[in-house]
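# Per-entry structural report
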Amino acid sequence: MSIKPYPNNQQDTILTFDTREKHFILYWHYKSMFFDSPKEIRKAFGKARNVPSVKAMEVWAEEMVASYVKQSPSFDKDRILSEGFGPEAHGDEEEPNDNTRMIT
């Protein structure tokens, strides 16, 4: 597991980023909290979220997300219809088994 610590960690507040699991761990007020986004880290501080040190943590967290978390590709329906071969590639074609009746 590769952990990247926030460079300005204090004794009471420690922020780390797990590059393998792609989440943040915040140790604050004698408890640890897991977060997936920088906005959630800022919300955890409550009224102190506008303090410059918390804003600096959020900026560092956004840099970590930008450098380590890959954005998932969007669902391209046109490409799937032209190149795909699974059931999603048949588009609006009628399924032959949809209009059948069971003989009893």
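Figured I'd write up the structure that's included with this text. Owing to the predicted nature of the structure, the values given are computational and were not obtained by experimental measurement.

Before going further, it helps to spend a moment on the side chain of glutamate 58. Checked against the element boundaries, glutamate 58 lands in helix α2 (residues 52-68). Beyond its immediate stretch of four places on either side in the chain, glutamate 58 contacts Pro38, Lys39 and Arg42.

Our next topic: the nonpolar core. If you look at the biggest cluster of nonpolar residues, it comprises 15 residues, and the most contacted ones within it are Leu15, Phe24, Leu26, Phe35, Ile41, Phe45 and Trp60. At the level of secondary structure, the elements contributing two or more residues to this core comprise β2 (14-18), β3 (23-28), β4 (31-35) and α2. If one sorts the elements of this core by residue count, α2 sits on top with 5 residues.

One pass over the structure, following the stated rule, counts 5 aromatic pairs. Relative to tryptophan 60, the ring of phenylalanine 24 lies with its centre 6.4 Å away and its plane at 65°, an arrangement referred to as edge-to-face. Of the two residues, phenylalanine 24 is situated in strand β3 and tryptophan 60 in helix α2; the sequence distance between them amounts to 36 residues. Aromatic side chains tryptophan 28 and phenylalanine 45 sit 4.5 Å apart centroid to centroid with 50° between the ring planes, which places their arrangement in the tilted category. Note that tryptophan 28 is positioned in strand β3 and phenylalanine 45 in the loop between α1 (38-44) and α2, a separation of 17 residues in sequence. When its relative accessible area of 18% is taken as the criterion, tryptophan 28 is described as buried. Taken together, the aromatic side chains of Tyr6, Phe17, Phe24, Trp60 and Tyr68 make up a single cluster linked through ring pairs.

Criteria and thresholds
- Residues numbered from 1 in each chain as written.
- Predicted model: local features only at pLDDT ≥ 70, side-chain atom pairs only at ≥ 80, totals over all residues.
- Heavy atoms only, no water.
- Helix = DSSP H or I, 4+ residues; strand = E, 2+ residues; numbered from the N terminus.
- Contact = heavy atoms within 4.5 Å.
- Core = buried A, V, L, I, M, F, W, Y, C linked by side-chain atoms within 4.5 Å.
- Buried < 20%, exposed > 50% of the residue type's maximum accessible area, 1.4 Å probe, protein only.
- Phe/Tyr/Trp six-rings, centres within 6.5 Å; stacked < 30°, edge-to-face > 60°.

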